[in-house]
Amino acid sequence: MLVWRSPRWLQWCCWLLLGLCLALLPSCVSPPATNGTQIEFWTMQLQPKFTDYFNTLIAKFEAQHSGVKVRWVDVPWTAMQSKILTAVSARTAPDVVNLNPDFASQLAARNAWLNLNDYVPAAVRQSYLPKIWEATTLDGQSFAVPWYLTSRITIYNQDLLKAAGVETPPQTYTELATVAKAVKEKTGKYAFFITMVPEDSAELMESMVQMGVTLVDDEGRAAFNSPEGRAAFQYWLDLYRQGLLPPQVLTEGHRQGIELYQSGQTALLMTSPEFFNTIATNAPTIAAVSAPAPQLTGETGKKNVAVMNLLVPRQTQHPDLAVEFALFVTNNENQLAFAKAANVLPSTQAALDDPYFQSVGATATPVERARAVSAAQMSQAQVLIPPVRDIKQLQRLLYENLQAVLLERKTIDQALNDAATAWNSRLS
């Protein structure tokens, strides 16, 4: 799949135009919903799989709101970021939009979204998982309604671990180092793969947070140049020097980790519960000996969760109705229905408490067992990467400097100092 990347000057112009539009945007009172009132709802790549679900959902909302119509627009995943930026800049944004926290927080810093503290009662906010709602807050203002969640688990090859003399899969990175040594010595294979390619997965950066690293302080300045940051870099250096990481970690993305697991070359795969179905299709022999375990974590006990949100642009002409629709899509009943259809987790406590996520029978499929493992993690789960601007640039600085350490081009102190200096220079 090709991803178009706009030139830096064009991105700068778009951000400047957006800032001017938001600064000039007048405050307005929501017109009452009348016959002919329409709100526009954008989602990310949910057609055609969920077309029937959303058509039914929208029809139900329209039946409860006489004269109101909801226009649903599904946007390809790779196009959403540029499309919503252009729409907000041109003041043609939808009334409700589905975004992930990273990009949503960038626009939140530019005051693009409604402050939902003014529209959503505290009792309603409290119906969502506390740490998940907290991830939609910037400078004390709630900029989004949480929708559906995914939380990584560990899928492990029972035969490989058994051959290595490992009785249970590792739960922490400390245990992982021991297991990685046993797997390599007893089988000649690797325990796991984690990419260090700057433009790829943020899993390694998340592992640093799980190990106790604070990435940035309250002012947005580098905080990773710390004893915890040095310990995290030392952890990955030790594994690399001992030959316990596949050499491709420096050059290949997370897809390589999938291929290595499916070919029986690694014992562990950190992924989402529904990936069991993919393994069953691509590598049925490996699927037959695979089982789910909780996500790896560090001393903090924190577990990763990815969140999809619904946001209401500040320029909407129908803020009350738009917020009501966002809350309707994400209420307990509708969250539960969508979570079942999409094999994801809901962000409300009542929906998560449903037996569908909590009970596992003796005849449960691997996906059903994995779903229960994933749901059980939610008390420890949170968005590990803070909602700060240019977070991908921070990832690039950390990964490139860690690579330099592994390749003996820098010491750990030099690498962390260089990364911190480069990051902080943005603020001056």
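Notes on the structure follow. Just so you know, these numbers come straight off a predicted model, no measurement behind them.

**Digging into unusual backbone geometry**
Moving on, step 1. Cis rather than trans, the peptide bond between Gln-47 and Pro-48 has omega equal to 0 degrees.
Moving on, step 2. Note that Pro-48 resides in the loop between strand 1 (37-44) and helix 2 (51-64).

**Observations concerning empty space enclosed by the protein**
Empty pockets left among the atoms are what a rolling probe the size of a water molecule brings to light.
Moving on, step 1. Considering all chains together, one arrives at one cavity of 30 Å³ or more under this definition.
Moving on, step 2. Its volume calculated, the largest cavity comes out at about 60 Å³.
Moving on, step 3. In this structure, the largest cavity is lined by Leu-149, Thr-150, Ser-151, Pro-273, Glu-274, Asn-343, Val-344, Leu-345, Arg-371 and Ser-374.
Moving on, step 4. Broken down by secondary-structure element, the contributors of at least two residues to the lining of the largest cavity are strand 6 (145-150) and helix 18 (366-376).

**What to know about the layout of surface pockets**
Moving on, step 1. Roughly 1,000 Å³ of volume is contained in the second largest pocket.
Moving on, step 2. Taken together, 35 residues line the second largest pocket, and the ones lying closest to its centre are Val-216, Asp-217, Pro-386, Pro-387 and Val-388.
Moving on, step 3. Mapped onto the lining of the second largest pocket, the elements with two or more residues apiece are helix 4 (101-108), helix 6 (130-134) and strand 4 (137-138).
Moving on, step 4. With four residues, the single largest contributor to the lining of the second largest pocket is helix 4.
Moving on, step 5. Class assignment of the residues belonging to the lining of the second largest pocket gives a composition of 16 nonpolar, eight polar and 11 charged.

**Describing the sheet that holds strand 8 (residues 268-271)**
Moving on, step 1. One open sheet accounts for three strands, arranged 8-7-9; its pairing is antiparallel. What marks the edges here is a single partner per strand, and that holds for strand 8 and strand 9 (290-293). The average angle at which neighbouring strand axes cross in this sheet is 25 degrees, direction not considered.

**Structural notes on the packing of aromatic side chains**
For any pair of aromatic rings, the description consists of the separation of the ring centres together with the inter-plane angle of the planes.
Moving on, step 1. All chains considered together, the criterion is met by 19 aromatic pairs.
Moving on, step 2. Aromatic side chains Tyr-173 and Tyr-235 sit 6.1 Å apart centroid to centroid with 80 degrees between the ring planes, which places their arrangement in the edge-to-face category. Of this pair, Tyr-173 sits in helix 8 (residues 173-187) while Tyr-235 sits in helix 10 (residues 227-241), and the two are 62 residues apart along the sequence. Tyr-235 shares its class with Tyr-173; the two are buried.
Moving on, step 3. Clustering of aromatic rings is evident, with ring pairs tying together Phe-41, Phe-50, Tyr-53, Phe-54, Phe-61, Trp-72, Trp-147, Tyr-148, Phe-325, Phe-328 and Phe-338.
Moving on, step 4. A cation over an aromatic ring shows up here: Arg-371 above the ring of Tyr-356, its NZ or CZ 3.8 Å from the ring centre.
Moving on, step 5. Across from the ring centre of Trp-423, 3.7 Å away, lies the NZ or CZ of Arg-426, which sits over that ring.

**Remarks on the pairing of strand 3 (residues 96-99)**
Strand residues, when the strand is regular, have side chains that alternate between the two faces of the sheet.
Moving on, step 1. Along strand 3, one buried face is formed by Val-96 and Asn-98 and the opposite face, lined by Val-97 and Leu-99, is buried too.
Moving on, step 2. Two strands pair when backbone bridges link them, and strand 1 and strand 3 are joined in this way by two bridges, in the parallel orientation. Counted as the bridge partner of Phe-41 is Val-96 from strand 3.
Moving on, step 3. As defined by bridge partners, strand 3 adjoins strand 11 (residues 306-311) across three bridges and the pair is classed as antiparallel. Bridge assignment links Asn-98 to a residue of strand 11, and that residue is Leu-310.

**Brief notes about the nonpolar core**
Moving on, step 1. Judged by nonpolar contacts, the single largest core of 71 residues is most densely connected at Phe-54, Ile-84, Leu-99, Trp-113, Phe-325, Phe-338 and Met-378.
Moving on, step 2. Discounting chain neighbours no more than four positions away, the residues touching Trp-113 are Ile-84, Val-97, Leu-99, Ala-104, Leu-107, Ala-108, Phe-143, Leu-311, Val-312, Pro-313 and Arg-314.

**A look at the side chain of Gln-377**
Moving on, step 1. Take Gln-377: it is sitting in the loop between helix 18 and strand 13 (381-382).
Moving on, step 2. At 3.0 Å, the side chain of Gln-377 forms a polar contact with the backbone oxygen of Arg-152.
Moving on, step 3. Setting aside its immediate chain neighbours within four residues, Gln-377 contacts Ser-151, Arg-152, Ile-153, Pro-294, Gln-295 and Lys-303.

**Quick look at helix 4**
Moving on, step 1. Burial runs high along helix 4: seven of the eight residues are buried.
Moving on, step 2. Within the sequence span of helix 4, burial applies to Pro-101, Phe-103, Ala-104, Ser-105, Gln-106, Leu-107 and Ala-108.

**With respect to the sheet that holds strand 11**
Moving on, step 1. Taken together, six strands build an open sheet; the order of strands is 2-1-3-11-6-12 and the sheet is mixed. Of all strands in the sheet, those with a lone pairing partner are strand 2 (68-75) and strand 12 (345-346), marking the two edges.
Moving on, step 2. Running at roughly 45 degrees to strand 1, helix 14 (residues 319-329) makes contact with strand 1, strand 2, strand 3, strand 6 and strand 11 of the sheet.
Moving on, step 3. Of the strands in this sheet, strand 6 and strand 12 are in contact with helix 15 (residues 332-342), which crosses strand 6 at around 25 degrees.

**Description of the pairing of strand 8**
Moving on, step 1. Burial along strand 8 is two-sided: Leu-268 and Met-270 facing one way and Leu-269 and Thr-271 facing the other are all buried.
Moving on, step 2. For strand 7 (residues 153-157) and strand 8, the ladder comprises four bridges, and the chain directions are antiparallel. The residue of strand 8 that forms the bridge with Ile-153 is Thr-271.

What counts, and where the lines are drawn
- Residues numbered from 1 in each chain as written.
- Predicted model: local features only at pLDDT ≥ 70, side-chain atom pairs only at ≥ 80, totals over all residues.
- Heavy atoms only, no water.
- Helix = DSSP H or I, 4+ residues; strand = E, 2+ residues; numbered from the N terminus.
- 1 Å grid on protein atoms, 1.4 Å probe; cavity = no way out; pocket = protein on both sides within 12 Å on 5 of 7 lines; lining within 4 Å.
- Points joined across faces, edges and corners; volume = space filled by probe spheres on them.
- Nonpolar A, V, L, I, M, F, W, Y, C, P; charged D, E, K, R; others polar.
- Pairing = 2+ DSSP bridges.
- Axes fitted to C-alpha atoms, helices over the stretch in contact; angles between N-to-C directions.
- Phe/Tyr/Trp six-rings, centres within 6.5 Å; stacked < 30°, edge-to-face > 60°.
- Buried < 20%, exposed > 50% of the residue type's maximum accessible area, 1.4 Å probe, protein only.
- Lys NZ or Arg CZ within 6 Å of the ring centre and 35° of its normal.
- Core = buried A, V, L, I, M, F, W, Y, C linked by side-chain atoms within 4.5 Å.
- Contact = heavy atoms within 4.5 Å.
- Polar contact = N/O pair within 3.5 Å; in protein donor to acceptor, adjacent residues only side chain to side chain.

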